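A closer look at the structure
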Amino acid sequence: MAGVSGCIKYSMFIFNFLFWVCGILILAIGIWVRVSKDGQEILNSADSSFNPYVAVNILIAVGSIIMVLGFLGCCGAVKESRCMLLLFFIGLLLILLLQVVAGILGATFKTESDHLLNETLYENVKLLSATDENAKAFQQALAEFQEEFKCCGLVSGAADWGNNFEQNSKTCECSETTDSSCVTYLRKLVYKQPCISLIKELMAKHIIVVIGIAFGLAVVEILGLVFSMVLYCQIGNK
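Residues numbered from 1 in each chain as written. Predicted model: local features only at pLDDT ≥ 70, side-chain atom pairs only at ≥ 80, totals over all residues. Heavy atoms only, no water.

Quick notes on the packing of aromatic side chains
Note the threshold: Geometry of aromatic contacts follows a simple scheme: Phe, Tyr and Trp rings, the Trp one being its six-membered ring, pair when their centres are within 6.5 Å, and the pair is stacked under 30 degrees between planes, edge-to-face over 60, tilted otherwise. Numbering of helices and strands runs from the N terminus; a helix is a DSSP stretch of H or I covering at least four residues, while a strand is a stretch of E covering at least two. Here the term buried applies to any residue with accessible area under 20% of the maximum for its type, exposed to any over 50%, and partly exposed to those in between, with areas from a 1.4 Å probe on protein chains only. Note on criteria: charge over ring means Lys NZ or Arg CZ within 6 Å of the ring centre, with the direction from the centre no more than 35 degrees off the ring normal.
With the rule as written, the count across this model stands at five aromatic pairs. Geometrically, the ring pair formed by F15 and F19 is stacked, given 5.9 Å between the ring centres and 10 degrees between the ring planes. Here F15 pairs with F19, and both are found in helix α1 (residues 6–35), just four residues apart, close to one helical turn. Both rings, one in F17 and one in W20, keep their centres 5.9 Å apart while their planes meet at 40 degrees; by these two values the pair is tilted. Highlighted residues: F17 and W20, both in helix α1, separated by three residues, approximately one helical turn. Note on W20: relative accessible area 30%, which makes it partly exposed. One aromatic cluster in this structure is built from F13, F17 and W20. The ring of Y232 carries R82 above its face, with NZ or CZ at 3.9 Å from the centroid.

Re the packing of helix α5 (residues 110–128) against helix α8 (residues 196–236)
Threshold: Note on geometry: axes are C-alpha line fits, over the in-contact stretch for helices, and angles between N-to-C directions span 0 to 180 degrees. Whether a crossing is left-handed or right-handed is set by the direction in which the near helix is turned from the far one by less than a right angle, anticlockwise for left-handed and clockwise for right-handed. Between two residues, a contact is recorded if the distance between any of their heavy atoms is within 4.5 Å. Each residue gets one of three labels, nonpolar for Ala, Val, Leu, Ile, Met, Phe, Trp, Tyr, Cys and Pro, charged for Asp, Glu, Lys and Arg, and polar for the others, Gly among them.
Following both chains from N to C, one finds α5 and α8 inclined at 140 degrees, their axes separated by 11 Å at the closest point. For the crossing formed where α5 meets α8, the hand is right-handed. Residues L117, N118, L121 and Y122 of α5 touch α8, and the partners they reach there are I196, I199, K200 and M203. When grouped by side-chain class, the residues that make up the contact of α5 with α8 number six nonpolar, one polar and one charged.

Some thoughts on α5
Let me state the cut-off plainly: Here, expected helix span is obtained from the residue count minus one, scaled by 1.5 Å. Summarising the geometry, the arc corresponds to the directions from the helix axis toward the C-beta atoms.
With 19 residues, α5 ought to run about 27 Å at 1.5 Å a step, and its terminal C-alpha atoms sit 28 Å apart, in line with that. Those residues of α5 not exposed but buried are L121, N124, V125 and L128. All buried residues of α5 fall inside an arc of 130 degrees around its axis, so they share one side. Exposed side chains of α5 directed beyond 90 degrees from the buried face belong to T111, L116 and K126. Its buried side turned inward, α5 meets α6 (133–149) and α8.

Here it is in structure tokens:
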């Protein structure tokens, strides 16, 4: 009968040991943020329009799943346990299938998500000329974006700010008087380009990064599936 390949066995162990360590680190960071004083300050200072505890809970769940899968893979490889290897294979396969389904849904609803982003941005134009607390938080965020990416306003340029332009004009002002990307608005030289196109470009770049990471993870997961199944079959043939 054929024996178990030592190369595959120890490669599987090393791969899953690193997988397990990553799971522990993610879980530890999630728990630290959730319970520590410094973590609470970070969460409480976050934007009130989004519940930061949801992200932390997801982080804890992901860390726990990765840690369990890494443990099953390590023990399954060292002890040559077909049961653990099978559980590892099933868990990893389910994660891979969820990624594939998420990718398909993302591609299917891309047009709808682009349309929703446009609607959201055009709707938020009203916040630039408003004076309530929620509007001020959005204005502060856009002012910082303007200063960093050299744009002004959200959709129509400086006019989007309405009566709030004077107090936010510094982040709109051009430094080069001869630059063709600048225009004059209320006797001030400001950036001509509105921020909506830059926001879309930034989001598109982030989506590409996410797709790249997801593709890299899928390759690693497929290798894990192949190694675990090969080892599973070799143990069965001993």
